[in-house]
Amino acid sequence: MKILKKGIIGFTLILFILGSVYAYFGGLSTGDCANTEEFKKYANEVNHLSIPKDKKIVALGEATHGNVEFQQLKLEVFQKLVEENDIRAFAIEGDFGGCEVVNRYIHGQEGSVKEAVAAIGFAIYRTQEMEDLVEWMKSYNQEHNNVLSFYGYDMQRLSYNYQFLLEKVDGNSDLEKIWDCKNESFSKEYTLNQIEEILNNVKSELTDPQAIHCADILLQNIKLSQVEDLSSQGNILRDQFMANNTLWILAREQEKGNTSIFITGHNGHVAKTGSYEVMGSILSDTLSEDYFVIGTDFYKSSCNLPRGNDGKRENHTFYSHDPLAKASKKAGFEKSYLDFSKIDRNTELYKTITSPLWMGSLGEYYNFFYMNLLPMTYRIKNIPQAMYDSMIFVSEAHPTELR
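Notes on the structure in this doc start here. The structure displayed is predicted, hence computed values, not measured ones. (Residues numbered from 1 in each chain as written. Predicted model: local features only at pLDDT ≥ 70, side-chain atom pairs only at ≥ 80, totals over all residues. Heavy atoms only, no water.)

Per the secondary structure count, the chain includes 17 helices and 13 strands. Taking 2.2 N^0.38 as the reference for a compact globule, 403 residues should give roughly 22 Å; the C-alpha atoms of the chain span a radius of gyration of 23 Å, in line with that estimate. Dimensions of the chain, computed from the C-alpha atoms along their principal axes, are close to 70 × 65 × 35 Å. Counted over contacts in the chain with a minimum sequence separation of 6, partners at least 24 positions apart contribute 75%. Counting only carbon and sulfur atoms, one obtains 49% of the accessible surface of the chain, whose full area is about 18800 Å². Taking the average location of the 40 positive side-chain charges in the chain and that of its 55 negative ones, the two points are 8 Å from each other. (Helix = DSSP H or I, 4+ residues; strand = E, 2+ residues; numbered from the N terminus. Rg over C-alpha atoms; globule rule 2.2 N^0.38 Å. Contact = heavy atoms within 4.5 Å. Areas by Shrake-Rupley, 256 points an atom, 1.4 Å probe, with all protein chains shown as cover. Lys, Arg positive; Asp, Glu negative; His and termini not counted. Charge placed at Lys NZ, Arg CZ, Asp CG, Glu CD.)

Dropping the structure here:
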């Protein structure tokens, strides 16, 4: 009886602690609200946003991968940058080789937009919103002599990078023997060190910049696969590679006479600061004021997320607890744009953007226990102004529908 009594007391205590943590981190509320009147004074509709024209890289973050509004923003912001900032390149958190399929499609290569988008490699992009973006770029190119380009700066997929590299070297036998056509991956008959040596030998004979980059992407993938702890060291290495690849894209566009590029990715990658040295912090250190970041957040999100490891996706509802997002909603915006440089230092709003805040941050992961009982697991606490130059807030974000 005593053991049972102790068990009941212990279980009750655990529930009390979890309930307290849940309440403390906003599970029972939607959080504080920034000064709404000041927010209305400084915020604009998204279609009125203006980005300084002297930036070499303009980055748009997304608080989630699974919401319609954040995917739509890619096109909305890019259109403004094409029209007002003369930016001609779009780069995404997607496979470089797969994105080259999209690039060829927008330059007139045969195929369907669905096939092109599917080549990017990640399920999150197989949406109507991404197809709309790609079709707009294709139409623009048809009307303006093929001036827009589509890039990817990730390295997590192999197939298209290998195909395009093989295409450039015209059937290199060494390159062919390290590839398993059936599984679209490197052959298990060779060690990664042997594959790496062959790729470096092939690369040393190349002169075409894109072919060299395809080889580099394959080499990056090998290095990433050799990291023991993917959740920490792997993330750090991936962000370093993505930063290097983004700078390669910038250099390639500058060779074509274009001074700037537009990139998109998760907030956690493009932000100027993070829990480790992320892509955005590397780009910010490299380019200083020439790197401009637009972060995003939601007040409420019904987000499309994968459930566990079975590949099935479901929609789940979250609140960011971001006082700026709440002020945007209370001010009557569906979507709003807030340029931090415009805010008077003597206002409450300035104090808000320069103080640590909870903000929404959802990736490609869902866990019922953690994300329902411990809301801070899908939020980050940081200083908005330290992370971004400006932000876009979505009052109610709706789930994407994957095609």
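Read on for the rest.
Among the eight residues that make up strand 13 (residues 390–397), seven are buried, leaving the element largely enclosed by the rest of the structure. Pairing of strand 8 (residues 291–306) with strand 13 involves seven bridges; the strand directions are parallel. The partner of Asp297 across the bridge, within strand 13, is Phe393. Here five bridges tie strand 10 (residues 335–339) to strand 13, and the two strands are oriented antiparallel to one another. Paired with Leu338 across the two strands is Met391, which belongs to strand 13. (Buried < 20%, exposed > 50% of the residue type's maximum accessible area, 1.4 Å probe, protein only. Pairing = 2+ DSSP bridges.)

Within the largest apolar cluster, 72 residues are counted, with the highest numbers of intra-cluster contacts made by Phe39, Leu165, Phe186, Leu199, Ile263, Tyr291 and Leu338. Apart from the residues lying within four places of it in its own chain, the contact partners of Phe186 are Leu158, Ile178, Trp179, Asp180, Ile195, Leu199, Leu218 and Ile222. Listed in part, the 50 residues of the second largest apolar core include Ile87, Tyr140, Phe298 and Ala397. (Core = buried A, V, L, I, M, F, W, Y, C linked by side-chain atoms within 4.5 Å.)

Between its first and last C-alpha atoms helix 10 (residues 209–225) spans 24 Å; for 17 residues at 1.5 Å apiece the expected length is 24 Å, and the two agree. Among the 17 residues that make up helix 10, twelve are buried, leaving the element largely enclosed by the rest of the structure. Where helix 10 begins, the side chain of Asp208 points an oxygen toward the backbone nitrogen of Gln210, at a separation of 3.0 Å. (Expected span 1.5 Å × (residues − 1). Polar contact = N/O pair within 3.5 Å; in protein donor to acceptor, adjacent residues only side chain to side chain.)

To continue, consider the packing of aromatic side chains. Within this structure, the stated rule accounts for 16 aromatic pairs. Measuring from ring centre to ring centre gives 5.6 Å for Phe96 and Trp248, while their planes differ by 85°; the resulting arrangement is edge-to-face. With Phe96 in helix 4 (residues 96–106) and Trp248 in helix 11 (residues 230–255), this residue pair connects regions lying 152 residues apart in the sequence. Three or more aromatic residues joined by ring pairs make a cluster, and in this case those are Phe78, Phe90, Trp136, Tyr140, Phe150 and Phe262. (Phe/Tyr/Trp six-rings, centres within 6.5 Å; stacked < 30°, edge-to-face > 60°.)

Two numbers describe how helix 9 (residues 192–204) lies on helix 10: the axes approach to 10 Å, and their chain directions differ by 165°. Regarding the angle of helix 9 to helix 10, the classification is roughly antiparallel. Between helix 9 and helix 10 lies a crossing of left-handed hand. Packed against helix 9, whose contacting residues are Leu192, Ile195, Glu196, Leu199, Asn200 and Lys203, the element helix 10 presents Ile212, Ala215, Asp216, Leu218, Leu219, Ile222, Lys223 and Ser225 at the interface. For the contact of helix 9 with helix 10, a count of residues per class yields eight nonpolar, two polar and four charged. (Axes fitted to C-alpha atoms, helices over the stretch in contact; angles between N-to-C directions. Parallel < 35°, antiparallel > 145°, perpendicular 65-115°, else oblique. Left-handed = near helix turned anticlockwise from the far one by under 90°. Nonpolar A, V, L, I, M, F, W, Y, C, P; charged D, E, K, R; others polar.)

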